[in-house]
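Each chain, written out:
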Amino acid sequence: MERVTTDEEGSGRQTPDRVLVTGATGTVGEPLVRALSDGEASVRVATRDPERARDAFGDGPEPVEFDLARPETWGEALADVDRLFLLYPPGSAVGDVREFADAADRVGVERVAFLSILGAEKLPFLPHRRIETHLAQTGTAHTFLRASWFTQNLSEIHRKEIVDRDEIFVPAGDGVLSFTDARDVAAVAAAVLTESGHADRAYDLTGPAALDFREVADVFSDVLDRPISYADPSRPAFALAMYRRGFSPAFVAFMIAEYSVVRLGFSGRTTDDVETVLGRPPRTVREFVEDYADEFRAAGDSRSRS
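Conventions we followed
- Residues numbered from 1 in each chain as written.
- Predicted model: local features only at pLDDT ≥ 70, side-chain atom pairs only at ≥ 80, totals over all residues.
- Heavy atoms only, no water.
- Helix = DSSP H or I, 4+ residues; strand = E, 2+ residues; numbered from the N terminus.
- Buried < 20%, exposed > 50% of the residue type's maximum accessible area, 1.4 Å probe, protein only.
- Contact = heavy atoms within 4.5 Å.
- Pairing = 2+ DSSP bridges.
- Axes fitted to C-alpha atoms, helices over the stretch in contact; angles between N-to-C directions.
- Phe/Tyr/Trp six-rings, centres within 6.5 Å; stacked < 30°, edge-to-face > 60°.
- Lys NZ or Arg CZ within 6 Å of the ring centre and 35° of its normal.
- Arc of directions from axis to C-beta.
- Polar contact = N/O pair within 3.5 Å; in protein donor to acceptor, adjacent residues only side chain to side chain.
- pLDDT = per-residue confidence, 0-100.
- Core = buried A, V, L, I, M, F, W, Y, C linked by side-chain atoms within 4.5 Å.

On to unusual backbone geometry. A positive phi is found at Asp-80, a non-glycine position, where the angle reads about 60 degrees. With respect to the helices, strands and loops of the structure, Asp-80 is situated in the loop between helix H3 (74-78) and strand S6 (83-87). Classification of Asp-80 as exposed rests on a relative accessible area of 56%. The phi torsion at Asp-225 lies on the positive side, around 60 degrees, for a residue other than glycine. As for its placement among the helices and strands, Asp-225 is situated in the loop between helix H9 (213-224) and strand S13 (229-230). What makes Asp-225 exposed here is its relative accessible area of 54%.

Written out as C-alpha cells, the structure reads:
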C-alpha cells in the first residue's frame, strides 16, 4: 500500500499511503486510527479540535482542523490524501457530505470507506443511502460498511442506568439485535483501506448472534456478578428520561425510531462479513462486557478493577 512520489531531483521513491480519518475521535474512528497507525499508513486525523486529537493519539497521526460544515477547512484536510474514511455525522446536512466526497474525488482520493448502517440499501430516503448512491456515482473506488447496532452504545449512551440503577433502559420490547462491536468495524475499515479486493463492495457488519435485551441483561449479570435487569420503558418515558439527561431532541427522536425498528423485528439479521474480511469471528456481547467491565462497576463495588 505504497505510492510513488517524485522528489525535486526527479527520482521515484516509495512513500506510505496517506489515510484521512473523519470522525477520528468517535466510536469507530478512534480504534481505526490506532489500527492504521500500527501499520504502514500515514494517518491524518480530521477533527474540530487538533489539540484534543494530539492528546489522544500522541505524535504519530497528523491532526488537522476539519469541520464538515466549513468548506474552507477541506483543502488542508484532503491535501495529498490517497484513502478516506468517511461517515455521516448525526445532524449534518447530507449535501455537505456529498460535496465533501466530490472534493475528495477532484483532488484524486483513490478509495473511500463509508460507514453506513445495516439495511441502508432498502431505505432510499435514509441519509446514509443517499450518500451511498452519490458515492457510487463518483470516480472514487468505494466500500460501504453497513454496520449493525454498536455494542458500545451500552457503554457510551446507556452506561448511566446500568451503573446507577442496575438496568438496561431501552424501549426495544422483545426485539433482537445483531450487536456489533465497533472495534470489529474499525478493523474491517482498516483492512478495506489498506488491502486490495474491496473496491465497489458493500459489507453487512454484524455480531455473531442476535440477542434481545433480556439476554443481554443476563450476560451483564453474569459478568458483573450483580443482577442487571431490562427495563423496557414506554417510548414517552424513555424520551423524557433522555431529555432530562441532556440529549438533544433530534438525537432522542433518532433513538426512538431506531428502537421502534428493533421492536418490529427488523434488526436481528446476522452475516459472516466480519469473519470474511478479518479471518476471525466477530466479538460477542460477552466479550464486550468482559472487556469493558470496569466501566459498569457501581460506585463502591469492591470487585477487581484490574
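After that view, the rundown keeps rolling.
Moving on to the environment of Ala-298. As for its position among the elements, Ala-298 is in the segment after helix H13 (285-291). Sequence separation between Ala-298 and Glu-65 is 233 residues; the distance between their C-alpha atoms is 38 Å.

Our focus in this paragraph is the environment of Phe-247. The residue Phe-247 is located in the loop between helix H10 (235-245) and helix H11 (249-263) in this model. On a C-alpha basis, the gap between Phe-247 and Arg-54 in space is 27 Å, while along the polypeptide they are 193 residues apart. Other than its neighbours up to four places away in sequence, Phe-247 contacts Ile-157, Met-242, Val-252 and Met-255.

In this section: the sheet that holds S6. Strand pairing within a sheet occurs via backbone hydrogen bonds; the two strands may be parallel or antiparallel. Here we have 7 strands laid out as an open sheet, ordered S5-S4-S3-S6-S7-S8-S11, and parallel in their pairing. Looking along the sheet, the strands with just one partner apiece sit at the ends: strand S5 (62-65) and strand S11 (201-205). Strand-to-strand twist of the sheet, defined as the mean angle between neighbouring strand axes without regard to direction, takes the value 20 degrees. As defined by bridge partners, strand S3 (residues 18-21) adjoins strand S4 (residues 42-47) across 4 bridges and the pair is classed as parallel. Residue pairing for S4: Val-19 is matched across the bridge by Val-43.

Turning next to the packing of aromatic side chains. In this structure the tally under the stated criterion is 15 aromatic pairs. Where Trp-149 meets Phe-213, the ring centres are 5.8 Å apart and the plane angle is 85 degrees; that geometry is what we call edge-to-face. Of this pair, Trp-149 sits in the loop between strand S8 (141-147) and helix H6 (153-156) while Phe-213 sits in helix H9, and the two are 64 residues apart along the sequence. An aromatic cluster is present here, built from Trp-149, Phe-169, Phe-179, Phe-213, Tyr-230, Phe-238 and Tyr-259 joined pairwise through their rings. One residue, Arg-165, lies across the ring of Phe-169, its end atom 5.1 Å from the ring centre.

Another aspect to go through is H10. For H10, every residue scored as buried is listed here: Phe-238, Ala-239 and Met-242. In a view along the axis of H10, the buried residues occupy a sector of 100 degrees, so they form one face of it. Opposite its buried face, H10 presents the exposed residues Pro-236 and Arg-244, each directed more than 90 degrees away. Close packing links the buried residues of H10 with helix H7 (159-165) and H11. Backbone nitrogen of Ala-237 and a side-chain oxygen of the N-cap are separated by 3.2 Å at the start of H10; the cap is Ser-234. Looking at the residues trailing H10, positive phi occurs at Gly-246, about 105 degrees.

For the rest of this paragraph, the subject is the confidence of the model for the chain. On average, residues of the chain carry a pLDDT of 91, and 92% of them reach 70 or more. This model gives residues 1-14 a pLDDT under 50, and the stretch forms 27 contacts once residues within four places in sequence are excluded.

On to the nonpolar core. Grouped together as the largest cluster of nonpolar side chains are 35 residues, with contacts concentrated most on Ile-168, Phe-213, Phe-220 and Tyr-259. At the level of elements, H9, H10, H11 and H13 are the ones that each hand at least two residues to this core. Excluding residues within four positions of it along the chain, Tyr-259 makes contact with Trp-149, His-158, Val-170, Pro-171, Ala-172, Phe-213 and Phe-238. Counting 32 residues, the second largest nonpolar core, distinct from the first, contains Val-43, Ala-53, Ala-190 and Val-192.

Glancing now at helix H1 (residues 29-37). Those residues of H1 that fall on the buried side of the exposure criterion are Gly-29, Pro-31, Leu-32, Val-33 and Leu-36. Residues of H1 that are buried make contact with S3, S4, helix H2 (50-57), S6 and helix H8 (182-194).

Turning our eyes to something else, we now look at the side chain of Ser-116. Tracing the sequence through the fold places Ser-116 in strand S7 (residues 111-117). For Ser-116, a relative accessible area of 3% translates into the label buried. If sequence neighbours within four positions are ignored, Ser-116 has contacts with His-128, Glu-132, Leu-145, Arg-146 and Ala-147.

Before going further, it helps to spend a moment on the side chain of Gln-152. Mapped onto the elements, Gln-152 comes out in the loop between S8 and H6. For Gln-152, a relative accessible area of 2% puts it in the buried group. A polar contact of 2.8 Å, which involves the side chain of Gln-152, links it to the side chain of Asp-181.

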